[in-house]
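Residues per chain are reported as follows:
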Amino acid sequence: LVERPEVESMLFDLGFEIFERHNPLGRRSTGLISIALDDERLLASFSGYTRRQVRLADRLGIEIIEATKIEQAEEFFINIKKMYKKKALGNIARDDFFPVFDHVLKNGQVGVVLNAYSYSVYLGGLYLTRDGHTVYAYQLVVTDQANEKHRTLRLAPALFFHGMR
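Residues numbered from 1 in each chain as written. Predicted model: local features only at pLDDT ≥ 70, side-chain atom pairs only at ≥ 80, totals over all residues. Heavy atoms only, no water.

Draft legend 1. Structural view of the packing of aromatic side chains. Taken as a whole and judged by the stated rule, the model has nine aromatic pairs. The interplanar angle of 40° and the centroid separation of 5.4 Å between the aromatic rings of Y127 and Y138 together place this pair among those described as tilted. Taken together, the residues span a long stretch of sequence, with Y127 in strand β3 (residues 121–131) and Y138 in strand β4 (residues 134–142) at a distance of 11 residues. Under the relative-accessibility criterion, Y127 is labelled buried at 16%. Y138 gets classed as partly exposed once you look at its relative accessible area, which sits at 48%. Each residue in the set F76, F77, F97, F98, F101, Y127 and Y138 is aromatic and connected to the rest through ring pairs, giving one cluster. (Phe/Tyr/Trp six-rings, centres within 6.5 Å; stacked < 30°, edge-to-face > 60°. Helix = DSSP H or I, 4+ residues; strand = E, 2+ residues; numbered from the N terminus. Buried < 20%, exposed > 50% of the residue type's maximum accessible area, 1.4 Å probe, protein only.)

Draft legend 2. Summary view of unusual backbone geometry. With a phi close to 55°, A88 is a non-glycine residue in the positive phi region. Checked against the element boundaries, A88 lands in the loop between α4 (70–86) and α5 (94–105). Judged by its relative accessible area of 71%, A88 falls in the exposed class. Its identity is not glycine, yet S120 carries a phi of approximately 70°, on the positive side. Locating S120 in the fold gives a position in the loop between β2 (111–118) and β3. Owing to a relative accessible area of 67%, S120 belongs among the exposed residues under this scheme.

Now the structure itself:
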C-alpha cells in the first residue's frame, strides 16, 4: 500500500486540494439504504432511535419544505454561514452557493435544499443531491432555536428521511 503522504503528494501534483484534513463536524458514518422502498419500509430500515426521531418531528408538527424560491435558499445560506463561522470552518461564498441553487437545486431533480420549520420558525436545513437510488448529503445546519424550542428532537433524521422519499 502507498502511504498517505505519498498519495497526498501525488494528488497535489495532479492539481487536487485537500477539502478537509480533519473532521471538524464530529463523527460521520455512511450507511447504505435503498431509497426505492416505500415510506413504511424505508422507515423500518432505520435504527429504532432514528425512527423515533422521525416520528417525533411529525408529532411536533415540524414542516419540511423543498426550497424552490431564492428567499428559502437565502434562509438556509444565512444559517449555514453562521454555523461555519461559529465552528471556524471557513467561508461559503454566495457566488459559489447561489448559482448551484439556481441551476441544480431549485428544480429538485438532481438536488434539493430542505428547510425545516416549527410554526414558521426556521429550525435548520439540509442540502443534498440525488443520483438514481442514492442520496448524498452535503450540508446540514441546525439552528440554536431548534435546540431551544424542541430539546429532545434531533432534526437530521427527519430531514434525511424527507430527502430519501
